[in-house]
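# Summary of the model geometry
Read off the chains here:
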Amino acid sequence: MDLAGLLAFNVLSGIATLVLITLGLGVIYGMMRIINLAHGEFMMLGAYTTVTAVGLGVNVWIAMLVLPPIVVGLVGLILERALIRFLYGRMMDTMLATWGVSLGLIGISATIWGNVVRGVTAPLGGFSIGRYGASLYSLVIIAVAILCLVGMYALLRLTKFGLILRAAMQNPRMAAALGVSPPTVYMATFTLGSALAGLAGGVLAPISGISPNMGGAYIANAFITVLGGGPAIIAGTGIAASIFGTINQLVSFLANPVLGTVSLLVFAVIMIRILPQGITGRFFRNSL
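Residues numbered from 1 in each chain as written. Predicted model: local features only at pLDDT ≥ 70, side-chain atom pairs only at ≥ 80, totals over all residues. Heavy atoms only, no water.

Tallying secondary structure elements over the protein gives 13 helices and 2 strands in all. Principal axes of the C-alpha set define a box for the protein whose edges measure 65 × 45 × 35 Å. The proportion of buried residues among the 288 residues of the protein is 49%. Long-range contacts, defined here as pairs at least 24 residues apart, represent 76% of the contacts in the protein between residues at least 6 apart. Working note: accessible area of the protein is about 13,300 Å², and carbon and sulfur atoms make up 70% of it. On the protein, the mean spot of the 13 positive side-chain charges and the mean spot of the 4 negative ones are 11 Å from each other. (Helix = DSSP H or I, 4+ residues; strand = E, 2+ residues; numbered from the N terminus. Buried < 20%, exposed > 50% of the residue type's maximum accessible area, 1.4 Å probe, protein only. Contact = heavy atoms within 4.5 Å. Areas by Shrake-Rupley, 256 points an atom, 1.4 Å probe, with all protein chains shown as cover. Lys, Arg positive; Asp, Glu negative; His and termini not counted. Charge placed at Lys NZ, Arg CZ, Asp CG, Glu CD.)

Below, the discussion takes up empty space enclosed by the protein. A complete count under the given rule lists 1 cavity of 30 Å³ or more for this structure. Approximately 30 Å³ is the volume found for the largest cavity. Lining the largest cavity we find Leu-20, Leu-23, Gly-24, Cys-148, Leu-196 and Leu-199. Breaking the lining of the largest cavity down by element, the ones donating at least two residues are helix H1 (3-32) and helix H9 (182-204). For the lining of the largest cavity, the leading source of residues is H1, giving 3 residues. Here the lining of the largest cavity is built from residues that sort into 5 nonpolar, 1 polar and no charged. (1 Å grid on protein atoms, 1.4 Å probe; cavity = no way out; pocket = protein on both sides within 12 Å on 5 of 7 lines; lining within 4 Å. Points joined across faces, edges and corners; volume = space filled by probe spheres on them. Nonpolar A, V, L, I, M, F, W, Y, C, P; charged D, E, K, R; others polar.)

Inspection of the entire model under this criterion finds 4 aromatic pairs. When the centroid spacing of 6.4 Å and the interplanar angle of 90 degrees are considered together, the rings of Phe-42 and Phe-190 count as edge-to-face. Linking Phe-42 in helix H2 (residues 39-55) with Phe-190 in helix H9, this pair joins segments that are 148 residues apart in sequence. Accessibility expressed as a relative area gives 1% for Phe-190, which makes it buried. Between the NZ or CZ atom of Arg-33 and the centre of the ring of Tyr-29, over which it lies, the distance is 5.1 Å. (Phe/Tyr/Trp six-rings, centres within 6.5 Å; stacked < 30°, edge-to-face > 60°. Lys NZ or Arg CZ within 6 Å of the ring centre and 35° of its normal.)

Another point: the packing of helix H10 (residues 216-229) against helix H12 (residues 257-274). Between H10 and H12, the least distance of the axes is 10 Å, while the angle of their chain directions is 30 degrees. Here H10 is positioned roughly parallel relative to H12, judged by the angle of their axes. Read as a crossing pair, H10 and H12 show a hand that is left-handed. Of the residues in H12, those in contact with Asn-221, Ile-224, Leu-227 and Gly-228 of H10 are Leu-264, Leu-265, Ala-268, Met-271 and Ile-272. Looking at the contact of H10 with H12 residue by residue, the classes come out as 7 nonpolar, 2 polar and no charged. (Axes fitted to C-alpha atoms, helices over the stretch in contact; angles between N-to-C directions. Parallel < 35°, antiparallel > 145°, perpendicular 65-115°, else oblique. Left-handed = near helix turned anticlockwise from the far one by under 90°.)

What follows is about a nonpolar patch on the surface. Together, Leu-56, Val-58, Trp-61, Ile-62, Leu-65, Val-66, Ile-70, Leu-74, Leu-124, Leu-136 and Leu-139 line one region of the surface with nonpolar side chains, adding up to about 920 Å² of accessible area. For the nonpolar patch, the secondary-structure elements that each account for two or more residues are helix H3 (60-65) and helix H4 (67-82). Relative to the assigned elements, Leu-74 resides in helix H4. (Patch = residues over 30% accessible without salt bridge, like charges linked within 9 Å, V, L, I, M, F, W, Y side chains within 5 Å. Salt bridge = Lys/Arg side-chain N within 4 Å of Asp/Glu carboxyl O.)

If you look at the biggest cluster of nonpolar residues, it comprises 75 residues, and the most contacted ones within it are Leu-20, Met-31, Phe-42, Ile-210 and Phe-244. The leading source of residues in this core is H1, at 15 residues. (Core = buried A, V, L, I, M, F, W, Y, C linked by side-chain atoms within 4.5 Å.)

This part takes up the pattern of salt bridges. Opposite charge on two side chains allows them to pair when their charged atoms are near. Tallied over the entire structure, the rule returns 2 salt bridges. Between Arg-81 and Glu-80 there is a salt bridge; the shortest N-O distance is 2.7 Å. On the basis of relative accessible area, Arg-81 is assigned to the partly exposed category, the value being 30%. The buried category is assigned to Glu-80, whose relative accessible area is 0%. Here Asp-93 ties to Arg-90 by a salt bridge, and the two come within 2.7 Å at their closest N and O atoms. The class for Arg-90 is partly exposed, based on a relative accessible area of 41%.

Looking now at the layout of surface pockets. Empty space within the largest pocket amounts to approximately 720 Å³. Lining of the largest pocket is provided by 24 residues; of these, Gly-14, Thr-17, Ile-207, Asn-248 and Gln-249 occupy positions nearest its centre. Those elements that place two or more of their residues in the lining of the largest pocket are H1, strand S2 (132-135), helix H6 (137-158), H10, helix H11 (233-254) and H12. Of the residues assigned to the lining of the largest pocket, the class counts are 10 nonpolar, 14 polar and no charged.

So, on to H4. Structural remark: α-helix, 3.6 residues per turn; residues separated by three or four positions point the same way. Taking 1.5 Å of rise per residue, 16 residues should cover 22 Å, and H4 covers 23 Å from first to last C-alpha, within 8% of that figure. On its buried side, H4 packs onto H2, H3, helix H5 (91-113) and H9. (Expected span 1.5 Å × (residues − 1).)

Our focus in this paragraph is the packing of H2 against H10. Packing of H2 against H10 brings their axes to within 8 Å, and their N-to-C directions diverge by 130 degrees. By the angle class used here, H2 and H10 are oblique. Seen from above, H2 lies across H10 with right-handed handedness. Counting all contacts with H2, which are made through His-39, Gly-40, Glu-41 and Met-43, the residues of H10 involved are Gly-216, Tyr-218, Ile-219 and Ala-222.

Structure, rendered in C-alpha cells:
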C-alpha cells in the first residue's frame, strides 16, 4: 500500500468511527426529538462492558460485538421506563434529565471501575509506511459501520417493525387509532438507540482510553454530525459522517489531530449556518 492508499484507508476509518459514534444518537434524536446528553456515557458503558468481559475471560469478539449492545440496551430500556417516558414532548426537561443521568453514570462508573484509564488490546496488528502507521483493526470498524447502516436501513424500510416505528414517530395519534401503541414504540426506539451507542463503545474500546469521563470526547462530534446530517437518519448520518470524517482525517494526516478536530468543528459550524435544517433537510428530503 502506498501513501495515498494509506491516507484513503485512514479517511475510511475516520468516517466509519464517526458513523458508529453518531448512529445511536441519530435514532434517538432524529426519530424521537430527544436530546440525549447521556449518549457519550452509554458509549462509555459499552466500553466498560468490553473491558470487564475480556477481564473475565470472554472471547474478545463477543466482548466487543455482542455484550455491549445487550447490556447498554437494557440500561436504556430501564431508563426509558423509569424516567424518559414521562418527559416526551418536553425537550428542555429531557435535556436536564439526561444530563443528570450522564453525571450519575459517570459517578457510578468511577465507583465501580475507578477513576483510571483502562484499555483493551486490539485483536489485530498494524502496518506502517515510513513514519505513517495504521491498524488493521480499522477494517473491523469499517465493516461494523457499514453493517450498522445497512442493517438500520433494512430494519426501517423492509420490516413491519420499521414501518410501525416510522408511522408512530410521524403521526402518533393516527398510529394509535390504528391499534399501534406509541409508548411501546418509543420504548423500543430508545432501547435501539442505546444499544447502538453501546455497540459503538464496545467496538471503539481497543482504540480509545476507557475512563468514566471518556463520553465527553464523543458527544460533541456526535451532535454536530446529527445536526449536520438533518432529519433523515441513515442518509444524514452517512453523508455528514463522510464529509466531516474526511475533513478531520485529511487535516490530521497533513498537520495533527488537534487541527483536524478544529477544522471539523469550524466546517460544521459554517455548514449548519448555511443549512440550518441539515443536509437532508435541504437535499435528499425523501431519504430515510
